[in-house]
Protein chains: 4
Amino acid sequence: MSMNSFGHLFRVTTWGESHGPALGATVDGCPPNVPVDEAMIQTWLDKRKPGQNKYTTQRQEPDQVEILSGVYQGKTTGTPVQLMIKNVDQRSKDYGDIAEKFRPGHADYTYHLKYGNRDPRGGGRSSARETAARVAAGGLARAAIDSVFGGIKIKGYMVQMGPHQITRENMDMAHIDQNPFWTPDAQAAKDWAVYLDELRKSGNSVGAIVEVVASGVPAGLGAPVYAKLDTDIATAMMSINAVKAVEIGAGMSAAMLTGEQNADEMIMGKNGPEFTSNHAGGILGGISTGQDIVCRFAVKPTSSILKTRRTITKAGEQTEIITKGRHDPCVGIRAVPVAEAMMACVILDHLLLHRGQIGINQGKIGE
Amino acid sequence: MSMNSFGHLFRVTTWGESHGPALGATVDGCPPNVPVDEAMIQTWLDKRKPGQNKYTTQRQEPDQVEILSGVYQGKTTGTPVQLMIKNVDQRSKDYGDIAEKFRPGHADYTYHLKYGNRDPRGGGRSSARETAARVAAGGLARAAIDSVFGGIKIKGYMVQMGPHQITRENMDMAHIDQNPFWTPDAQAAKDWAVYLDELRKSGNSVGAIVEVVASGVPAGLGAPVYAKLDTDIATAMMSINAVKAVEIGAGMSAAMLTGEQNADEMIMGKNGPEFTSNHAGGILGGISTGQDIVCRFAVKPTSSILKTRRTITKAGEQTEIITKGRHDPCVGIRAVPVAEAMMACVILDHLLLHRGQIGINQGKIGE
Amino acid sequence: MSMNSFGHLFRVTTWGESHGPALGATVDGCPPNVPVDEAMIQTWLDKRKPGQNKYTTQRQEPDQVEILSGVYQGKTTGTPVQLMIKNVDQRSKDYGDIAEKFRPGHADYTYHLKYGNRDPRGGGRSSARETAARVAAGGLARAAIDSVFGGIKIKGYMVQMGPHQITRENMDMAHIDQNPFWTPDAQAAKDWAVYLDELRKSGNSVGAIVEVVASGVPAGLGAPVYAKLDTDIATAMMSINAVKAVEIGAGMSAAMLTGEQNADEMIMGKNGPEFTSNHAGGILGGISTGQDIVCRFAVKPTSSILKTRRTITKAGEQTEIITKGRHDPCVGIRAVPVAEAMMACVILDHLLLHRGQIGINQGKIGE
Amino acid sequence: MSMNSFGHLFRVTTWGESHGPALGATVDGCPPNVPVDEAMIQTWLDKRKPGQNKYTTQRQEPDQVEILSGVYQGKTTGTPVQLMIKNVDQRSKDYGDIAEKFRPGHADYTYHLKYGNRDPRGGGRSSARETAARVAAGGLARAAIDSVFGGIKIKGYMVQMGPHQITRENMDMAHIDQNPFWTPDAQAAKDWAVYLDELRKSGNSVGAIVEVVASGVPAGLGAPVYAKLDTDIATAMMSINAVKAVEIGAGMSAAMLTGEQNADEMIMGKNGPEFTSNHAGGILGGISTGQDIVCRFAVKPTSSILKTRRTITKAGEQTEIITKGRHDPCVGIRAVPVAEAMMACVILDHLLLHRGQIGINQGKIGE
């Protein structure tokens, strides 16, 4: 019932606020004997780390992970893994104005109403800093997938910034790690740089769309309803702050397709069944088909901006607000490693669930 | 960990297949002393019932609900409510061909692989019939909301069929119940009738987009991460079969907005804080603002169509398939009452959760 | 979070009241392809069935189970199994006096306070009838254990009635099914018959101690804390109504042992490690050792008795009560098949959990 | 599904090993605005702290708690509270022999089999050190009970050491904190000191029985089955390592009572209903009556003893073992504050659950 947990068998509970001493993830249910150390997890955290270029918040956080439990002599023990990240650069002077005023589009207002005890120095649990804990947990999930099951690759990238989409024909997965936007379209990376620079200088921010693909996922993961693989992926992505929509495969566009167009035809290939298309995004009836799992989600623009907006105070008075401070002009950029991490957690969780209930797939083709 | 359950405190577990003797919902955690009877729940089931017009499957199912437990003398007892619906019209002869061939775009293939024991007469748990149980549970949730909390209205409607969107200016909520498509746009209803008739006659099907709005929801429901109100709504909608995408508020379009555009400004109204817009869909930082909760989702077209598609057999041979039988040309139509039901379950669940952890909102405005 | 569910991966939710139309168990997470039918489950229900002799309630209930879902062509499908048992003999006239008065030692009082909507004709969810649903679920669990894992035997029996214990030296497991008390001590069965007859005629009732042993359980099931195998067994047994205490292995007597006495020594046998004793009850550090799992629990005497007791009315007035009607003079007798069922559910659940997280044991002896 | 979590709405997940850098509790679902600080929680940890006298392990651990999240300006925020305790005195040289041999009666063997990756320096998660995290979480639970609900007192004490029971007539609650055994019987304290000294010097250990009482708990907490208040208390206590049995009220002795003896009669007192006895231990039908909640449990003797016992090695060879090192001669002593903590967690959890589902009691007496 936990309100800060995620997953069935591989269960992640994150804790910590943006301006407290530390944050982290308590990870329960990881298989034992998975080789993992802080350096392996740090690799993923370094991708999400703020302050790496002018397109992300200038807050300087080393985001150094410490493994406090659950790993002995470089291998998981099968008991809870505590992944802690200390907060270092909490520069609180930046947040003065927010104590009494609510930022429009921000959790300030609802957080205050519900809990009545809000740290005005930052977004508390609503801060994007919470996602560091997810990335750490995702690093562990990746290690477990590789060690116990193997053969699965998870890759996220940006496909749209504001109104500017990538050109699918330009996609080159090797390019993703070569630009600050994690986009596979080299030309888009150049265009977005100009676009975002201008926005940033004007004190504005913008939304984005991120796509995550998991390939090599075996058929059979998931369930027909409720514990559908796509439901759990949607849950995972929507649980990231600032996400407003999630799509699987054809997504919203599925509404525009006819049954004839949408039905991914099957042909019998040399190595087994193949599909001629993937509108399904690798999931049929909530269960993986063996095709690439394809998910997209929209991240809204950061609400902490230098533009003047009307708002109210805690005292109930009309006022205006400009949010100074260090913020991401396009928080979608840093959502890329977060999305990969969440996908890794979901896939591992369902690998374990499937093994628990079913063992191995019960039905065969051609036997 | 249940794979067929939904909700935290108001917890719904559905059971039953499309071609078994019955299906239903086991509902745990309902508050006691909620006035409810079979007739109240039947009202909602009748909206979803198949065979009501030529635009839905011709399967004749009365979908008569029986309350087997948890209600005494017209009021809930606070213990599990069992809502059972007998299957009546299982005409199995229609399904002959499907036993050995997989319908492209259908759960047949994955269901077979995972479980190895699939009832070829129907979709098993992947059938849209499963959603009858959701509607019954949703009817109970509505009764509990009205009785214990009050003031909340939940309304769903279709906003797009295939490529044809409604015109937002034409929206008249009173019109929703006046046409077979549950759409608030009278002109769209006429156009869609022509469009769908043609598709249906050609043996094809089409996708749709459904919107659900919950108004009167108090501020403070939800949590900053994981148990976000929007996460649980997304989970609820994505768990419905055939759903491929879920949006909250601006949804995928949030990607195209700047922070300035997206930030719903606040003004101090006579009766408290007001917002000048609702890009947030009534949820900020995972917690309700008091504005309308707005959700949309895409339903893919039915995969059981009269069009010839390439596929394979269980034996692994290449073949083709045409699916005869009774199917919905646009299953999105019947998704409308299902979506309302899921929204009702989520809202009630979060009302109970909030009351459990917080009691009443801890923060005030203007005090 | 369900308040009427049990288990992690093999998850049982029971529903239904003693005087409603039916009761049952919704079982989620059962492995697919387990051979099972109504007759197999009926075998276990028939052991628990009331009215079989003068030592149990004279209520006549056939307790006929109907499988409404999750089984196709004699095998589980891997989706929820609904096990329904209709109530037949609800003879409500017996319960007149209880509507306004609380039976001392009975749930009447607390049920009324909490829910405020109590069916005075019976104990609602607190009735021993609820345990029929457990026995049905346990029958399914046994079938799954046998089919998927094998080699495990679960046996329950009475070891004490009132002050009268069995003589451990007299134990003959073959005798258990030969007497109405499910006791392995033939002499005790004779003595108890005389003792209970007298009690029954005097309108009194008495408590009992039941022991359940699971043999053939592989080492490695459970976890060091919280999801300890002994914790889940204790939870299972204590969740049965009228149970007031649970013991594992030496149980309460462990308090009297020294470390030297309590430590079950290990010797290396031909077929692997052996233990010279089993104070641990087959569980060390929450994890099964491979020895017999041994559990005992105490059932309090039925509170519905013909003896006059002081009590109060709903109106708050002092009064007395004698409970007429059909009740078990020693409800512990019928707890035997219930306890076996709960043990089966726990063992299957942990077999699945272990397979999910660990696969197979990661550590070896002598390799 | 977490294997290291406890509770429904107030949910505690503990993490950390006896010889890692730290351990702690991640507590989710605590109500906001509860006044709490490290000093308040430290009070309870100091009661459990090892090395306080010659009757507990000589390991020197300050057990200093750090609150890493969920508290702002001395009040809970309603988001996860991370309670961390660093390990200080891990003196690993003491554990040399245990790396290759299994201590009889200890989790060594099962832990090794299941996980295959065991830190031989200590008991890992099976160590009594894990209970420090429980005590910290219990301290938070107490603060929340006091602040949000009030009027509840929880007290634990030892009632038996080895074969030596307290004399109930000698009980003086004021005496509990005046002796190293947390016993309310001054004479027993003296006798036990002599008894335990002798045992300790001989290198042996002994079991104990602890009793915990919660008074002032309102009627109505719990549920008729599964989420019974007594089930959750049993689960809580049995989840503590070394516990082998749990009793509620009359406990195992309930088996010996007749219905007439067991039924706690009710009389109408000045301030409402009263009971003439409390065999029920304050719980009827799984729901609190308003009487004292009474629970007892047995702790087995420490298995790490200086007595020679036969055992085997990891290599599968027969051998003997003597466990040197620092261990508790009667680990039951330090179980007292742990049991109080677990009771506090259960009571708070059920207060929140009851408020969530029911609000306030729905039934009244005399209205």
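Residues numbered from 1 in each chain as written. Chains lettered and ligands numbered in written order. Predicted model: local features only at pLDDT ≥ 70, side-chain atom pairs only at ≥ 80, totals over all residues. Heavy atoms only, no water.

Looking now at the overall build of chain A. Assigned secondary structure in chain A consists of seven helices and 18 strands. Taking 2.2 N^0.38 as the reference for a compact globule, 367 residues should give roughly 21 Å; the C-alpha atoms of chain A span a radius of gyration of 21 Å, in line with that estimate. Taking the principal axes of the C-alpha coordinates as reference, chain A spans close to 70 × 50 × 40 Å. At a minimum sequence separation of 6, the contacts of chain A that also span at least 24 residues come to 70%. With the model as given, the accessible surface of chain A reaches about 10700 Å², and the carbon-plus-sulfur share is 49%. (Helix = DSSP H or I, 4+ residues; strand = E, 2+ residues; numbered from the N terminus. Rg over C-alpha atoms; globule rule 2.2 N^0.38 Å. Contact = heavy atoms within 4.5 Å. Areas by Shrake-Rupley, 256 points an atom, 1.4 Å probe, with all protein chains shown as cover.)

The geometry of two aromatic rings is summed up by the distance between their centres and the angle between their planes. This structure, assessed with the given rule, holds 19 aromatic pairs over all chains. Ring plane angle 70 degrees and centroid distance 6.1 Å describe the contact between Phe181 of chain B and Trp192 of chain B, whose orientation is recorded as edge-to-face. Of the two residues, Phe181 of chain B sits in the loop between β9 (164-165) and α4 (186-201) while Trp192 of chain B sits in helix α4, which places them eleven residues apart along the sequence. Exposure class is identical for Phe181 of chain B and Trp192 of chain B. Each is buried. Taken together, a centroid distance of 5.2 Å and an interplanar angle of 65 degrees make the contact between Tyr111 of chain C and Tyr115 of chain C edge-to-face. With Tyr111 of chain C and Tyr115 of chain C both in helix α2 (residues 108-115), this residue pair falls four residues apart, about one helical turn. The two residues Tyr111 of chain C and Tyr115 of chain C agree in class, both being buried. Among the aromatic side chains, those forming a connected cluster through ring pairs are Phe102 and Tyr109 of chain A together with Phe275 of chain B. Looking at Lys114 of chain D, its charged tip hangs above the ring of Tyr115 of chain D, at a distance of 5.9 Å from the centre. (Phe/Tyr/Trp six-rings, centres within 6.5 Å; stacked < 30°, edge-to-face > 60°. Buried < 20%, exposed > 50% of the residue type's maximum accessible area, 1.4 Å probe, protein only. Lys NZ or Arg CZ within 6 Å of the ring centre and 35° of its normal.)

Let's shift gears to the sheet that holds strand β7 (residues 81-86) of chain C. All names here are of chain C. Taken in spatial order, the five strands make up an open sheet running β1-β2-β3-β7-β4, and their pairing is antiparallel. Strands at the two margins of the open sheet, each flanked by one partner only, are β1 (5-6) and β4 (65-69). By the bridge criterion, six bridges tie strand β2 (residues 11-16) to strand β3 (residues 22-28) in an arrangement that is antiparallel. For Arg11, the partnering residue across the bridge sits in β3 and is Asp28. Against the sheet, helix α3 (residues 130-149) makes contact with β2, β3, β4 and β7, and its axis sits at roughly 35 degrees relative to β3, the strand it touches most. (Pairing = 2+ DSSP bridges. Axes fitted to C-alpha atoms, helices over the stretch in contact; angles between N-to-C directions.)

Before going further, it helps to examine the interface of chain A and chain D. Facing 42 residues of chain A, the contacting portion of chain D comprises 42 residues. In total, chain A and chain D occlude about 3200 Å² of area from one another, counting both sides; carbon and sulfur atoms represent 57% of this. When the buried area of chain A at its contact with chain D is split by residue, Tyr72, Tyr115 and Asn117 of chain A rank highest and sum to 20% of it. Counting across the interface, chain A meets chain D through zero salt bridges. Between chain A and chain D we count 15 residue pairs in polar contact (both at pLDDT 80 or more) in total. The greatest single-element share of the side of chain A that touches chain D, amounting to five residues, is contributed by strand β2 (residues 11-16) of chain A. Looking at side-chain class alone, the side of chain A that touches chain D contains 15 nonpolar, 19 polar and eight charged residues. (Buried area = accessible area lost by both parts, 1.4 Å probe. Salt bridge = Lys/Arg side-chain N within 4 Å of Asp/Glu carboxyl O. Polar contact = N/O pair within 3.5 Å; in protein donor to acceptor, adjacent residues only side chain to side chain. Nonpolar A, V, L, I, M, F, W, Y, C, P; charged D, E, K, R; others polar.)

Taken together, the contacts link 115 residues of chain B with 115 residues of chain A. Interface of chain B and chain A: buried area, both sides summed, is about 9500 Å²; carbon and sulfur atoms make up 62% of it. A per-residue breakdown of the area chain B buries against chain A is headed by Lys114, Tyr226 and Lys244 of chain B, which together make up 10% of the total. Salt-bridge contacts for Arg310 of chain B lead to Glu265 of chain A; the nearest nitrogen and oxygen are separated by 3.0 Å. Broken down by element, the side of chain B that touches chain A gets its largest block of residues, seven residues, from helix α2 (residues 108-115) of chain B. Judged from the three bridges that link them, strand β11 (residues 243-248) of chain A and strand β11 (residues 243-248) of chain B form a sheet pairing that is antiparallel. Residue pairing for β11 of chain B: Glu247 of chain A is matched across the bridge by Ala245 of chain B.

Now for the layout of surface pockets. Roughly 880 Å³ of internal volume is contained in the largest pocket. As for the largest pocket, its lining consists of 30 residues, of which Glu247 and Met252 of chain C together with Glu247, Met252 and Ser253 of chain D are closest to the centre. Looking at the lining of the largest pocket, the elements with two or more residues in it are β8 (153-161) of chain C together with β8 (153-161), β10 (208-215) and β16 (293-299) of chain D. Across the lining of the largest pocket, the residue classes tally to 13 nonpolar, ten polar and seven charged. In this structure, the second largest pocket encloses a volume near 650 Å³. Around the second largest pocket, the lining comprises 23 residues; the ones closest to its centre are Glu247, Met252 and Ser253 of chain A together with Glu247 and Met252 of chain B. Within the residue set of the lining of the second largest pocket, elements represented by two or more residues are β8 (153-161) of chain A together with β8 (153-161) of chain B. Considering only residue class, the lining of the second largest pocket consists of eleven nonpolar, six polar and six charged. (1 Å grid on protein atoms, 1.4 Å probe; cavity = no way out; pocket = protein on both sides within 12 Å on 5 of 7 lines; lining within 4 Å. Points joined across faces, edges and corners; volume = space filled by probe spheres on them.)

Moving on, we come to the relation of the copies chain A and chain D. The two copies are related by a screw motion: chain A maps onto chain D through a turn of 180 degrees and a shift of 0.0 Å along the axis, at an RMSD of 0.0 Å. In symmetry terms, the pair is related by a two-fold rotation axis. When C-alpha positions in chain A are compared against the rotation axis, the closest is assigned to Thr26 of chain A, at 3.7 Å. The overlap is high: 100% of the interface residues of chain A also sit at the interface in chain D, so the same surface is used on both sides. (Least-squares fit on C-alpha atoms with pLDDT ≥ 70 in both.)

The subject of this paragraph is the relation of the copies chain B and chain A. The transform that puts chain B on chain A rotates by 180 degrees and translates by 0.0 Å along the axis, for an RMSD of 0.0 Å. Taken together, the interface assignments show that 100% of the residues at the interface of chain B recur at the interface of chain A, consistent with an identical surface on both copies.

This brings us to the side chain of Ser126 of chain C. By secondary structure assignment, the location of Ser126 of chain C is in the loop between α2 and α3. Beyond its immediate chain neighbours, meaning those up to four positions away, Ser126 of chain C contacts Ala107, Tyr111 and Asn241 of chain C together with Pro224 and Gly285 of chain D.

Here we take up the pattern of salt bridges. This structure, assessed with the given rule, holds 72 salt bridges over all chains. In this structure, Lys155 of chain C engages Asp177 of chain C in a salt bridge whose closest nitrogen and oxygen atoms are separated by 3.4 Å. Placement of the pair is Lys155 of chain C in strand β8 and Asp177 of chain C in the loop between β9 (164-165) and α4 (186-201), with a sequence separation of 22 residues. For Asp63 of chain D, the salt bridge is made with Arg129 of chain D, and the minimal N-O distance between the two is 2.8 Å. Here Arg129 of chain D lies in the loop between α2 (108-115) and α3 (130-149) and Asp63 of chain D lies in the loop between α1 (38-48) and β4 (65-69), a separation of 66 residues in the sequence.

We now examine the environment of Gln318 of chain C. Here Gln318 of chain C shows up in strand β18 (residues 318-321). Classification of Gln318 of chain C as partly exposed rests on a relative accessible area of 39%. For Gln318 of chain C, the contacting residues outside a window of four places in its chain are Arg310, Thr311 and Ile312 of chain C together with Met266, Ile267 and Met268 of chain D. At 3.1 Å, the side chain of Gln318 of chain C and the backbone oxygen of Thr311 of chain C are in polar contact. At 3.1 Å, the side chain of Gln318 of chain C forms a polar contact with the backbone oxygen of Met266 of chain D.

Before going further, it helps to spend a moment on the pairing of β4 of chain C. Residues and elements named next belong to chain C. The element β4 is extensively covered by neighbouring structure, given that four of its five residues are classed as buried. When β4 meets β7, the two strands line up antiparallel, connected through four bridges. Looking at β7, one finds that Glu66 is bridged to Met84.

Right, let's get into the sheet that holds strand β4 (residues 65-69) of chain A. All names here are of chain A. Here five strands make up an open sheet; going across it, the order is β1-β2-β3-β7-β4 and the pairing antiparallel. Two strands close off the open sheet at either side, each with one partner strand: β1 (5-6) and β4. Against the sheet, helix α3 (residues 130-149) makes contact with β2, β3 (22-28), β4 and β7 (81-86), and its axis sits at roughly 35 degrees relative to β3, the strand it touches most.

Residues and elements named next belong to chain D. Between helix α5 (residues 229-238) and helix α7 (residues 332-357), the least distance of the axes is 9 Å, while the angle of their chain directions is 145 degrees. Crossing hand, α5 versus α7: right-handed. Every residue of α7 that contacts α5 at Leu229, Asp232, Ile233, Ala236 and Met237 is listed here: Ala339, Met342, Met343, Val346 and His350. Here the contact of α5 with α7 is composed, by residue class, of eight nonpolar, one polar and one charged. (Left-handed = near helix turned anticlockwise from the far one by under 90°.)

When two helices pack together, their arrangement is captured by the angle between the axes and the distance separating the axes. Residues and elements named next belong to chain A. It is at 8 Å that the axes of helix α1 (residues 38-48) and helix α7 (residues 332-357) come closest, and there the two elements cross at 150 degrees. The angle between α1 and α7 places the two elements in the roughly antiparallel class. Side by side, α1 and α7 meet where Trp44, Lys47 and Arg48 of the first sit next to Arg334, Pro337, Val338 and Glu340 of the second. Of the residues contributing to the contact of α1 with α7, the split by class is three nonpolar, no polar and four charged. (Parallel < 35°, antiparallel > 145°, perpendicular 65-115°, else oblique.)

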